[in-house]
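# Descriptive analysis of the structure
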Amino acid sequence: MPSADELLNADTVADLARCLTRAGDGITAQETRGCGADLAGLSFTERVALIRNAVLADLPADYPAFAHVLRAALQDGDFTGWMIFPVTEAVAVRGRDAFEPALALLAELTPRLTAEIAVRPFLQADLERTLRVMTPWTAHPDLHVRRLASEGTRPRLPWAPRLPELIADPTPALPLLDALYRDDSEYVRRSVANHLNDISRDHPDIAVEVATRWLSDPAPTTTRLVRHGLRTLIKSGHAGALTLLGHSPDGPVSVEGPHVHTPEIRVGDHLLFDYSVTNTHDQTAHLIIDYVVHHVKANGSRTPKVFKLTTRSLAPGETWRATRRHSFKPISTRRYHPGVHLVQLQVNGRPHGEASFTLHC
């Protein structure tokens, strides 16, 4: 993932200031231009807040005049990219008392980057009112606006404030997803799948019910969308999700392994293991084969993380054999701790076998 400085830096701010100045109405963008010198050492969130506040200081306090400047800036092809992020946040602040007009402006801005974070204060303030505005977006000619209807309402959108009302009850937003799951754009459908996955974390049965309804009236892309949308349930072995996608959680299989070839590794190395899975049933078996690494935590306990191996259909008596390399290279989202880790196979959500290896840090 790019660093905060790569996304919002002094050059980005200078470009934004020029765009606002060119928008006219006597805008000098002095505060915006000046805040570029204060970005060093700040996180991405802190940079967004600093630039947002500068934009609010530079633009008119009156919402119609504020919106007029931004619409004029939208005529400028340079008004695009990550500079839009703090601008949409400014709209969310200035537009609190101009509910529908502010949401309309966010829909105009979202094709230049995204307004998926900026719509969330409106959803938190008045869910029903905001959904009434967002519903027509599902038929918008611009795919970015259609995606905003799904992405902006995700209950657990990463790096964004959660939506407690939709976490408690996701059904108010389901009509948006029903309108979009057959969308022509993969970008939009990916958002719908991720939204369904968010729902599955709190309401697995609702997620399976929705997926079942979509598969009863599918587009050619629906099975793939549903598979991605139910991925968390599939990894956890949810019987309803597995059965819906044709993977019997109780199908008879014989599993050998995992056999670890690297019992001692260091951070930066690869864990190497092999395994085999045999269909012992008299019918073809449709199998999702995953593996689970049980990482050692700082307190010595272990926490599991599921990784995908393959999806296979095996004829009666057929065996699938494979070798896997799992990287332990340093990553920003995980801290490794030394000790005895475990690797385990998982077939259609059911655990099979395990082996240990020692990680040295």
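A brief structural summary. Quick caveat, the model's predicted, so the values are computed rather than measured.

The secondary structure content of the protein chain amounts to 17 helices and eight strands. When its C-alpha atoms are laid out on the principal axes, the protein chain stretches across 75 × 50 × 35 Å. The buried share among the 361 residues of the protein chain stands at 48%. Counting only contacts in the protein chain whose residues sit at least 6 apart along the sequence, the fraction spanning at least 24 positions is 66%. Accessible surface computed for the protein chain: about 16,900 Å², of which carbon and sulfur atoms make up 50%.

Let us now look at the packing of aromatic side chains. This structure, assessed with the given rule, holds eleven aromatic pairs. Residues Y63 and F66 carry aromatic rings whose centres are separated by 6.0 Å and whose planes lie at 40 degrees to one another, so their mutual orientation is tilted. Taken as a pair, Y63 and F66 lie in helix α5 (residues 63-73) at a separation of three residues, close to a single helical turn. As far as the burial class goes, Y63 and F66 line up, both buried. The interplanar angle of 25 degrees and the centroid separation of 5.3 Å between the aromatic rings of Y291 and F307 together place this pair among those described as stacked. Taken together, the positions of Y291 in strand β4 (residues 285-296) and F307 in strand β5 (residues 302-314) put the pair 16 residues apart, joining distant regions of the chain. For Y291, a relative accessible area of 1% corresponds to the buried category. One aromatic cluster in this structure is built from F273, Y275, Y291 and F307. In this arrangement the basic side chain of R312 is found over the ring face of W320, its NZ or CZ atom lying 3.8 Å from the centre.

In this approach, a probe sized like a water molecule rolls over the atoms, and the result shows the empty space that is left. The tally for this structure, following the rule as stated, stands at one cavity of 30 Å³ or more. Size it by volume and the largest cavity reaches roughly 30 Å³. Lining the largest cavity, in full, are T110, L113, T114, H144, R147, L148 and Y187. Sort the elements by how many residues they give to the lining of the largest cavity and helix α10 (residues 143-151) lands first, with three residues.

Moving on, we come to the nonpolar core. Core analysis: the biggest nonpolar cluster contains 83 residues, and L70, F79, L106, L109, W137, W214 and L230 have the highest contact counts within it. Ranked by residue count, the leading element in this core is helix α7 (residues 99-109), at seven residues. Those residues in contact with W137 that sit more than four places away from it in its chain are L103, A107, V145, R146, L148 and A149. V293, A322, L345 and A355 belong to the second largest nonpolar core, which has 22 residues in total.

We now examine helix α2 (residues 10-22). Spanning 13 residues, α2 covers 18 Å between terminal C-alpha atoms, matching the ideal 18 Å at 1.5 Å per step. All buried positions along α2 are accounted for by T12, V13, L16, A17, C19 and L20. Burial along α2 is one-sided: seen end-on, the buried residues are contained in an arc of 160 degrees. Buried residues in α2 make contact with α1 (4-7), α3 (30-35), α4 (44-58), α5 and α6 (84-94).

Cut-offs applied
- The numbering scheme is per chain: residues are counted from 1 as the chain's sequence reads.
- Side-chain atom pairs in this predicted model are given and counted only at pLDDT of 80 or more, local residue features only at pLDDT of at least 70, and totals for whole chains, interfaces and linings cover all residues.
- Heavy atoms from the whole structure form the basis of all side-chain values; hydrogens and water molecules are not counted.
- Only DSSP runs of H or I with at least four residues qualify as helices, and only runs of E with at least two residues qualify as strands; both kinds are numbered from the N terminus onward.
- Working definition: with a 1.4 Å probe on protein chains only, accessible area under 20% of the residue-type maximum means buried, over 50% means exposed, and in between means partly exposed.
- Here, residues are in contact when the closest pair of their heavy atoms is within 4.5 Å.
- The Shrake-Rupley method, run with a 1.4 Å probe, gives the accessible areas here. Residue values count only the displayed protein chains as cover.
- Here is the rule: rings of Phe, Tyr and Trp (six-membered ring for Trp) pair when centre to centre is within 6.5 Å. Planes less than 30 degrees apart are stacked, more than 60 are edge-to-face, and the remainder are tilted.
- Whether a charge sits over a ring depends on NZ of Lys or CZ of Arg being within 6 Å of the ring centre and within 35 degrees of the ring normal.
- Whether a set of points on the 1 Å grid over the protein atoms alone is a cavity depends on a 1.4 Å probe fitting there but being unable to get out, while an open set qualifies as a pocket with protein on both sides within 12 Å along at least five of seven lines; lining residues are those with an atom within 4 Å of a point.
- Grid points are joined across faces, edges and corners, and a volume is the space filled by probe spheres set on the points.
- Nonpolar cores are built from buried Ala, Val, Leu, Ile, Met, Phe, Trp, Tyr and Cys residues. Side-chain atoms within 4.5 Å join them into one set.
- Any helix carries an expected span of 1.5 Å times its number of residues minus one.
- The arc in question is traced by the directions running from the helix axis to the C-beta atoms.

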